[in-house]
Structure formats: structure tokens, C-alpha cells
Amino acid sequence: ERGVKALVDVLCHCPVLTFLNLRGNRIAVGGVKLLEAALIDNTVLSSLDLYDNPVEEEGKKEIGRLLERNQALQDAKKAAQALIDKLKDKKDIN
């Protein structure tokens, strides 16, 4: 969690960050809670990758709350889903 605390400090002072890849950084539920608190009102970050972290069930719920409350991440999720749907439609046509 110490590393996440340092990252949170940076996030608060980096208003242009749009993509954050935290794959495989051993971030557990405590780290996810710190990230949620830091990113809840962030309007710039549009991609957050937490794949391969031991977040457990409680951490997944925290991530879900973050996605519900952070509009930029919601918009990115909707755009990604629209692209996936278009690709599926195109595949069905061929």
C-alpha cells in the first residue's frame, strides 16, 4: 500500500494523465480503496488497468463503485463497448 499512497500523491498533482496501467503490481483491497478515493472526482483518466492484482471480492466492489461514480471512466467504458458492438456486427455481416 505504501507504493499506492505515493502514486495517489502523484495522481493528485497530474491533471493530464489519461491512462494508468497498474497490471501485476500486487495491489490489494487497501490499495484499491486509496485509488478510489483519489480518482473518484478525476475527470481526465479514461483508462485504468488493474488486471492481475489480488483485489479480492471487496476490492472488486470498490472498483465497481469507482466506475459508477467516475464519469470519465464511464464514458471510456461506453466507448469501448460501442466499439466492441460494432466489431461484432461487422463480423456477423461477413
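Residues numbered from 1 in each chain as written. Predicted model: local features only at pLDDT ≥ 70, side-chain atom pairs only at ≥ 80, totals over all residues. Heavy atoms only, no water.

Caption draft 1: Expanded view of the side chain of Asn-53. Its place among the elements puts Asn-53 in the loop between strand E2 (47-49) and helix H3 (56-69). On the accessibility criterion, Asn-53 (12% relative accessible area) is buried. Among the polar contacts listed, one links the side chain of Asn-53 to the backbone oxygen of Tyr-51, at a separation of 3.3 Å. Aside from chain neighbours lying at most four places away, what touches Asn-53 is Leu-22, Arg-23, Gly-24, Asn-25, Arg-26 and Ile-27. (Helix = DSSP H or I, 4+ residues; strand = E, 2+ residues; numbered from the N terminus. Buried < 20%, exposed > 50% of the residue type's maximum accessible area, 1.4 Å probe, protein only. Polar contact = N/O pair within 3.5 Å; in protein donor to acceptor, adjacent residues only side chain to side chain. Contact = heavy atoms within 4.5 Å.)

Caption draft 2: Structural context of the side chain of Asp-49. Here Asp-49 shows up in strand E2. Reaching out from Asp-49, the side chain makes a polar contact with the side chain of Arg-23 at a distance of 2.5 Å. Setting aside residues no more than four positions away along its own chain, Asp-49 makes contact with Leu-20, Asn-21, Leu-22 and Arg-23.

Caption draft 3: Spatial organisation of the packing of helix H1 (residues 2-12) against helix H2 (residues 29-39). Where H1 meets H2, the axes come as close as 9 Å, and the angle between the chain directions of the two elements is 10 degrees. Of the possible angle classes, the one that applies to H1 and H2 is roughly parallel. For the pair H1 and H2, the contacting residues are Val-4, Lys-5, Leu-7, Val-8 and Leu-11 in the first and Gly-31, Leu-34, Leu-35, Ala-38 and Leu-39 in the second. Among the residues making up the contact of H1 with H2, the classes are represented as eight nonpolar, one polar and one charged. (Axes fitted to C-alpha atoms, helices over the stretch in contact; angles between N-to-C directions. Parallel < 35°, antiparallel > 145°, perpendicular 65-115°, else oblique. Nonpolar A, V, L, I, M, F, W, Y, C, P; charged D, E, K, R; others polar.)

Caption draft 4: View of the packing of H2 against H3. Where H2 meets H3, the axes come as close as 9 Å, and the angle between the chain directions of the two elements is 10 degrees. Our classification of the angle between H2 and H3 gives roughly parallel. Taken together, the residues of H3 that come into contact with H2 (itself represented by Val-29, Val-32, Lys-33, Glu-36 and Leu-39) are Glu-58, Gly-59, Glu-62, Ile-63, Arg-65, Leu-66 and Arg-69. Taken together, the residues that form the contact of H2 with H3 break down as five nonpolar, one polar and six charged.

Caption draft 5: View of H1. Of the positions making up H1, those classed as buried are Val-4, Val-8 and Leu-11. Down the axis, H1 shows its buried residues gathered within 60 degrees of arc, on one side only. For H1, exposure combined with an orientation more than 90 degrees from the buried face picks out Arg-2 and Gly-3. In this structure, the buried side of H1 is in contact with strand E1 (19-21) and H2. (Arc of directions from axis to C-beta.)

Caption draft 6: Up close: the nonpolar core. One finds Leu-22, Ile-27 and Leu-35 to be the most contacted residues of the largest nonpolar core, which totals 15 residues. At the level of elements, H1 and H2 are the ones that each hand at least two residues to this core. Setting aside residues no more than four positions away along its own chain, Leu-22 makes contact with Leu-7, Ile-27, Leu-35, Leu-48, Asp-49, Leu-50, Tyr-51 and Asn-53. (Core = buried A, V, L, I, M, F, W, Y, C linked by side-chain atoms within 4.5 Å.)

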